[in-house]
Amino acid sequence: MSTLDANPGPLPEDVADLLRAVLEALRIPDPATFGDTDRFREVLDNRAMDVVVAIEGVLSDPTGWAIGWITPYLRQQLAKNPPTGYRAAREAEHDGGEVDQ
């Protein structure tokens, strides 16, 4: 059994909330076409950078207080870089390929 298979048990709510914010950052809609890939990657790269900064901030804080303000700050940064500007695959499927963004 690897450590990835181990169930750590219930997480403290502040940790679970940070993990939810990380998922919000990285789980964005796939691009609809190859032409949408560049913008998709740009959005994902920027959001991943925000996640790295947040996690580094939490891990470098010896007091444990940073997580209380870093999670809302991460969500604030994500709101500045929404996953838009490209056609998303699931939207293209629902709209017959015609997506306004």
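All of these numbers come straight from a predicted model, not from anything done at the bench. (Residues numbered from 1 in each chain as written. Predicted model: local features only at pLDDT ≥ 70, side-chain atom pairs only at ≥ 80, totals over all residues. Heavy atoms only, no water.)

**Some words on the overall build of the chain**
Link 1 in the chain: Counting its regular elements, the chain contains 4 helices and 0 strands.
Link 2 in the chain: Counted from the first residue to the last, the chain has its helices and strands arranged as α-α-α-α.
Link 3 in the chain: Looking at the 101 residues of the chain, the share that counts as buried comes to 27%.
Link 4 in the chain: Sequence-distant contacts in the chain: of pairs separated by 6 or more residues, those separated by 24 or more amount to 65%.
Link 5 in the chain: Here the chain displays about 7100 Å² of accessible surface, and carbon together with sulfur accounts for 57% of that area. (Helix = DSSP H or I, 4+ residues; strand = E, 2+ residues; numbered from the N terminus. Buried < 20%, exposed > 50% of the residue type's maximum accessible area, 1.4 Å probe, protein only. Contact = heavy atoms within 4.5 Å. Areas by Shrake-Rupley, 256 points an atom, 1.4 Å probe, with all protein chains shown as cover.)

**Side note on the pattern of salt bridges**
Link 1 in the chain: Per the stated rule, a full pass over the model turns up 6 salt bridges.
Link 2 in the chain: Between Arg 75 and Asp 17 there is a salt bridge whose closest N-O contact spans 3.1 Å. Here Arg 75 is found in helix α3 (residues 67–80), whereas its partner Asp 17 is found in helix α1 (residues 13–26), with 58 residues between them in sequence.
Link 3 in the chain: Take Arg 75: its relative accessible area is 26%, and that puts it in the partly exposed class.
Link 4 in the chain: Owing to a relative accessible area of 24%, Asp 17 belongs among the partly exposed residues under this scheme.
Link 5 in the chain: In this structure, Glu 24 and Arg 75 form a salt bridge, with 3.1 Å as the shortest nitrogen-oxygen distance. Of this pair, Glu 24 sits in helix α1 while Arg 75 sits in helix α3, and the two are 51 residues apart along the sequence.
Link 6 in the chain: Linked through salt bridges whose partners overlap, the residues forming this network are Glu 13, Asp 17, Arg 20, Glu 24 and Arg 75. (Salt bridge = Lys/Arg side-chain N within 4 Å of Asp/Glu carboxyl O.)

**A look at the packing of α1 against α3**
Link 1 in the chain: Taken N-terminus to C-terminus, the directions of α1 and α3 make an angle of 15°; their axes are 10 Å apart at the nearest point. By the angle class used here, α1 and α3 are roughly parallel. The handedness of the crossing between α1 and α3 comes out as left-handed. Each of Asp 14, Val 15, Asp 17, Leu 18, Arg 20, Ala 21, Val 22, Glu 24 and Ala 25 in α1 lies in contact with α3, whose residues at this interface are Ile 67, Thr 71, Leu 74, Arg 75 and Leu 78.
Link 2 in the chain: Grouping the amino acids of the contact of α1 with α3 by side-chain chemistry returns 8 nonpolar, 1 polar and 5 charged. (Axes fitted to C-alpha atoms, helices over the stretch in contact; angles between N-to-C directions. Parallel < 35°, antiparallel > 145°, perpendicular 65-115°, else oblique. Left-handed = near helix turned anticlockwise from the far one by under 90°. Nonpolar A, V, L, I, M, F, W, Y, C, P; charged D, E, K, R; others polar.)

**Notes on the nonpolar core**
Link 1 in the chain: With 11 residues, the main nonpolar core is built from Leu 18, Ala 21, Val 22, Ala 25, Val 51, Ala 54, Ala 66, Ile 67, Ile 70, Leu 74 and Leu 78.
Link 2 in the chain: For this core, the secondary-structure elements that each account for two or more residues are α1, α2 (37–59) and α3.
Link 3 in the chain: Every residue in contact with Ile 70, bar those within four places of it in the chain, is listed here: Ala 54, Gly 57 and Val 58.
Link 4 in the chain: Core analysis: the second largest hydrophobic core is formed by 5 residues, Ile 28, Val 43, Tyr 86 and Ala 88 among them. (Core = buried A, V, L, I, M, F, W, Y, C linked by side-chain atoms within 4.5 Å.)

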